[in-house]
Amino acid sequence: MNDRPIGIFDSGVGGLTVFREIARVLPRESLTYLGDSARVPYGTKSAETIIRYARQAAKHLVDRGVKLLVVACNTATAAALPVLERELTIPVIGVIEPGARAAAARTAGYVGVIATEGTVRSGAYGNAIRAARPGTEVVEAACPLFVSLAEEGWANTYVARQVAEIYLKPLIDRGIDTLVLGCTHYPILRATIETVVGEEIAIVDSAETTAQTVRSKLLAIKEQAGGSSPVQHFLVTDAEERFQRIAGQFLEQEIGSLELVEL
Ligand code: DGL
């Protein structure tokens, strides 16, 4: 038993898609979420910069005593997961491997991955999907505007729909049967994306499989929470009011316990 919180971080509100799933699957766990709102987006930055940001976010959460770290950002997972795994003494879970496994289990052989420029550039999804299901065709596309639309609370607008049509049409035309939402911000636009791709294409969001991975890990190391009053705490590096509004909308709950921090 271990009642210390699970730490979860992302560049902004995107990781809340993973947070929500972990809270659903592991309702007794305390969760500390860090959104690096001062430096969002990560997706357009270099791998070196992302590694620096990820180290700072991880250190902050480790100093607060988290028992396990979830890198709820594909861009940070692609650039920094091996570094964090090497440097930290607590378990570290990224979102790419779980998403890739889910896609490999789902596809008939042709997967589309939408992600940030950084994640696409890394080739991490293609490698992980082909490792899980050799011979799979993987086509990747960057959709940077989705991050701004999610951060702006514009996920369900006609603007989002038009942007989704422009980004997704080339993938649909290539005949993909499965679409991976390879950025944790994108599930916030899931309804819009679903309308554009239609029912024929299966959508994979790594939040679900990541939450299951966290659950299995805690079981394996016997560190599940035993307490009955889990605490959810949110940290941001800038613009608390904005985070409170957008996160509250997405999670459909009051964001009560929120703190401004410097990394
Ligand atoms: N949500 C993040 C991801 O999964 C990063 C989005 C961004 O900051 O560009 O990649």
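The following refers to the structure shown. Please read these numbers as outputs of a predicted model, since none were measured by experiment.

Observations regarding the site of the ligand
The immediate surroundings of the ligand are formed by 14 residues, with Ser11, Tyr42, Asn74, Thr75 and His185 found nearest. At 2.7 Å from an oxygen atom of the ligand is found a main-chain nitrogen or oxygen belonging to tyrosine 42. Within the side chain of histidine 185, a nitrogen or oxygen atom sits 2.7 Å from a nitrogen atom of the ligand. Looking at the shell around the ligand residue by residue, the classes come out as six nonpolar, seven polar and one charged.

What to know about helix H9 (residues 190–197)
Here H9 has its buried residues at Thr192, Ile193, Val196 and Val197. For H9, the arc enclosing every buried residue in end-on projection is 120°, short of the 170-degree limit, so these residues lie on one face. Here the buried face of H9 lies against strand E5 (110–115), helix H7 (145–152), helix H8 (158–173), strand E7 (178–181) and strand E8 (202–205). Directly beyond the C-terminal end of H9, a positive phi value near 80° is found at glycine 198.

With respect to the pattern of salt bridges
Summed over the entire model, instances satisfying the criterion amount to eleven salt bridges. Here arginine 64 and glutamate 259 are joined by a salt bridge, their closest N and O atoms 2.7 Å apart. Remark: glutamate 259 occurs in strand E10 (residues 258–260) and arginine 64 occurs in the loop between helix H2 (47–63) and strand E3 (68–71); sequence separation between them is 195 residues. With a closest N to O distance of 3.0 Å, glutamate 165 and arginine 161 form a salt bridge. Highlighted residues: glutamate 165 and arginine 161, both in helix H8, separated by four residues, approximately one helical turn.

Observations concerning the packing of helix H4 (residues 96–106) against helix H10 (residues 206–220)
Relative orientation of the contacting elements H4 and H10 amounts to 115°, with a least axis distance of 8 Å. Handedness of the crossing formed by H4 with H10: right-handed. Facing H4, whose interface residues are Pro98, Gly99, Arg101 and Ala102, H10 presents Ser206, Thr209, Thr210 and Thr213.

Some words on the pairing of E8
Residues Ala202 and Val204 point to one face of E8 and Ile203 and Asp205 to the other, with burial holding for every one of them. Of the pairings in the sheet, the one linking E7 to E8 comprises four bridges and is parallel in character. Looking at the pairing, leucine 179 lines up with isoleucine 203 of E8. Following the backbone out of E7, through H9 and into the adjacent parallel E8, one traces a crossover that is right-handed.

Some details on H7
Taken as a whole, H7 has its buried residues at Phe146, Val147, Leu149, Ala150 and Glu151. Buried-residue contacts for H7 involve E5, H8, H9 and helix H11 (240–251). Downstream of H7 by a residue or two, glycine 153 has a phi angle that is positive, lying close to 75°.

Things to note about the sheet that holds strand E4 (residues 92–93)
Strands sit in the order E4-E3-E1-E2-E9-E10 across an open sheet of six strands; the sheet is parallel. Where the open sheet ends on each side, the last strands, each with one partner, are E4 and E10. Of the strands in this sheet, strand E1 (6–10), E3 and E4 are in contact with H10, which crosses E3 at around 165°.

Cut-offs used in this document
- Residues numbered from 1 in each chain as written.
- Predicted model: local features only at pLDDT ≥ 70, side-chain atom pairs only at ≥ 80, totals over all residues.
- Heavy atoms only, no water.
- Near = heavy atom within 4 Å.
- Polar contact = N/O pair within 3.5 Å; in protein donor to acceptor, adjacent residues only side chain to side chain.
- Nonpolar A, V, L, I, M, F, W, Y, C, P; charged D, E, K, R; others polar.
- Buried < 20%, exposed > 50% of the residue type's maximum accessible area, 1.4 Å probe, protein only.
- Helix = DSSP H or I, 4+ residues; strand = E, 2+ residues; numbered from the N terminus.
- Arc of directions from axis to C-beta.
- Contact = heavy atoms within 4.5 Å.
- Salt bridge = Lys/Arg side-chain N within 4 Å of Asp/Glu carboxyl O.
- Axes fitted to C-alpha atoms, helices over the stretch in contact; angles between N-to-C directions.
- Left-handed = near helix turned anticlockwise from the far one by under 90°.
- Pairing = 2+ DSSP bridges.
- Right-handed = clockwise from strand over helix to strand, strands pointing away.

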